[in-house]
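# Understanding the architecture of this molecule
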Number of protein chains: 2
Amino acid sequence: MIPNRPFRPAPVTARDKLLEAAVKLVRSNGYSATSVDQLCGEAGVTKGAFFHHFPSKEALGVAAAEYWSASTSAFFAAAPYHHHADPVDRVLGYIDFRLALIGGPVEGFSCVAGTMVQEAFRSSAAIRVACEASIMGNAAALEADLAAAIAQRGVKGTSAASLARHVQTVIQGSFVLAKTQDGEMCAEIAREQLGHLRRYFSMLFNVDEDRILQ
Amino acid sequence: MIPNRPFRPAPVTARDKLLEAAVKLVRSNGYSATSVDQLCGEAGVTKGAFFHHFPSKEALGVAAAEYWSASTSAFFAAAPYHHHADPVDRVLGYIDFRLALIGGPVEGFSCVAGTMVQEAFRSSAAIRVACEASIMGNAAALEADLAAAIAQRGVKGTSAASLARHVQTVIQGSFVLAKTQDGEMCAEIAREQLGHLRRYFSMLFNVDEDRILQ
DNA sequence: GCAAACATACCAACTGGTCGGTATGCCGAC
DNA sequence: GTCGGCATACCGACCAGTTGGTATGTTTGC
């Protein structure tokens, strides 16, 4: 979900270093394929430290999703698109902000929660729920602006919550498509797909009321 | 991608049984978390048979993506939505067809290629390419109808290939969102999201030409 | 001095993969 | 027609390495 988070303070405790390692390794190798030893190696920490802070690998997965959730929501809360007066501008501003974050290798802008839930939704309910909270929490942050936009433009036949989920759907889907590609095409295809989301919303919020419903 | 494929003949050879097992297990547990022993157990086949037919687990992954690709494309080629005279009806018919396929647990309608590429895009180029072929092949099957619809309705600012990719994006993204849910909500959220895709296309192909571009 | 934060050594279970062997069916030669 | 030769399909014990997890220390801050 979030890409290159600049000015992130370097983690100090072993716990933080492990969470950072989890974000990095899960993004590029997935949850199952990432071993506890790899995590410890990446974090520069021993296995004893790992199991001191987390009772199991699954617990690290849950904590990583929550850590991810917290750092991304703080990142987006501080973004500039909130300042627009028009709610439609805030919504489109969010999409443009996401668009600007896409670049470089996929593991730099993909989503930890989306990656983990794909693998663990059946084997670990705890991880599934933590990833749900992360993704739906990110969606919920847009809901107020979407509700205002819907009210202002008189959009019928959907809801702010449903549209917020659609934003996440297109974002997550664009990451999957991006992962099928190589090199610069990864970012290019992800940007292209967010462009369709932008166009959908532009049409939805600008069109005459009687043309909205099919 | 494809869900409940009815009337599929029961696999006979060990190879076919292993491919069927791979589709089932990868869909519910992912690629990395599925072991060769599990695959053999599910297929009712020994390890000797596995490595007789596939040189490695990775090769099975590639073969599974190709097998998946072949069976889904045959399934969609035989679907009834192709018979509509209007290309826009064919495109919307495809979406409605996909909508009708969504139901039951996620692993019954999710996509093997999308699941695998999320895990293996960095560790296995062969699997990545096989999944790309599967997903983009599915997209390509819609391209002609989309091109005709674009031409007929005078849509500007995009291409048939890009819109075809968007269909896959929303489908793959809806599967990710569905996997965050439990029980019947899985199918419900996936259907809701395909509904947005349908609405986007409805607007795109019906609106006056001068209103299309923002 | 004492608890939290780590480190080291270790374990049973499992991992993908190998290897010698067998059962079966198809081939032309006689 | 039946026999030897040979390829394909499959079996299951086995291997070295790795897995998540534990048990027992040691260090450090207060």
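Our subject in this report is the structure included herewith. (Residues numbered from 1 in each chain as written. Chains lettered and ligands numbered in written order. Predicted model: local features only at pLDDT ≥ 70, side-chain atom pairs only at ≥ 80, totals over all residues. Heavy atoms only, no water.)

## Concerning the protein's contact with DNA strand D
Keep this limit in mind: One heavy atom within 4 Å of a molecule or strand makes the whole residue count as near it. Two N or O atoms form a polar contact when they lie within 3.5 Å of each other; inside protein one atom must be a possible hydrogen donor and the other a possible acceptor, and for residues adjacent in sequence the pair counts only when both atoms belong to side chains. Side-chain classes are defined by residue name, with Ala, Val, Leu, Ile, Met, Phe, Trp, Tyr, Cys and Pro counting as nonpolar, Asp, Glu, Lys and Arg as charged, and the others, Gly among them, as polar.
Around DNA strand D there are 15 residues in total, and Val36, Lys47 and Lys57 of chain A together with Gly48 and His53 of chain B lie nearest to it. For DNA strand D, the backbone portion of the atoms within 4 Å of the protein, that is sugar and phosphate, comes to 51%. Contact between DNA strand D and Ser35 of chain A: a phosphate oxygen at 3.5 Å from a side-chain N or O atom of the residue. A distance of 3.1 Å separates a base oxygen of DNA strand D from a polar atom in the backbone of Gly48 of chain B. Split by residue class, the surface near DNA strand D holds four nonpolar, seven polar and four charged.

## A word on the protein's contact with DNA strand C
The following threshold applies: The way it works is that DSSP assigns letters per residue, a run of H or I at least four long becomes a helix, a run of E at least two long becomes a strand, and they are numbered from the N terminus.
In the vicinity of DNA strand C there are 15 residues, among which Thr46 and His53 of chain A together with Val36, Lys47 and Lys57 of chain B approach most closely. Near-protein atoms of DNA strand C (within 4 Å) split between backbone and bases, with sugar and phosphate holding 54%. Between DNA strand C and His53 of chain A there is a distance of 3.0 Å, counted from a phosphate oxygen to a side-chain nitrogen or oxygen. Lys47 of chain B has a polar side-chain atom sitting 2.9 Å from a base oxygen of DNA strand C. Of all the elements in the fold, those that place two or more residues in the surface near DNA strand C are α3 (47–53) of chain A together with α2 (36–43) and α3 (47–53) of chain B. Tallying contributions element by element places α3 of chain A first for the surface near DNA strand C, with five residues.

## With respect to the side chain of Ser162 of chain A
Stated precisely, the cut-off is as follows: We call two residues in contact whenever any of their non-hydrogen atoms come within 4.5 Å of each other.
Mapped onto the secondary structure, Ser162 of chain A falls in helix α8 (residues 160–179). Look past the residues within four positions of Ser162 of chain A in its chain and what remains in contact with it is Glu192, Gln193 and His196 of chain B.

## Overview of the interface of chain B and chain A
Using the following cut-off: Buried area: the accessible area, evaluated with a 1.4 Å probe, that two parts lose upon being put together, summed over both parts. Salt bridges are counted wherever a side-chain nitrogen of Lys or Arg sits within 4 Å of a carboxyl oxygen of Asp or Glu.
Between chain B and chain A, the contact holds 56 residues from the first and 55 residues from the second. A combined buried area of about 5000 Å² lies between chain B and chain A, and 56% of that area is made up of carbon and sulfur atoms. Joining chain B to chain A, the criterion identifies six salt bridges. The shortest N-O distance in the salt bridge between Asp182 of chain A and Arg128 of chain B comes to 4.0 Å. Inspection of the region where chain B meets chain A yields 22 residue pairs in polar contact (both at pLDDT 80 or more). A per-element tally of the side of chain B that touches chain A places helix α8 (residues 160–179) of chain B first, with 13 residues. In terms of residue class, the side of chain B that touches chain A is built from 20 nonpolar, 22 polar and 14 charged.

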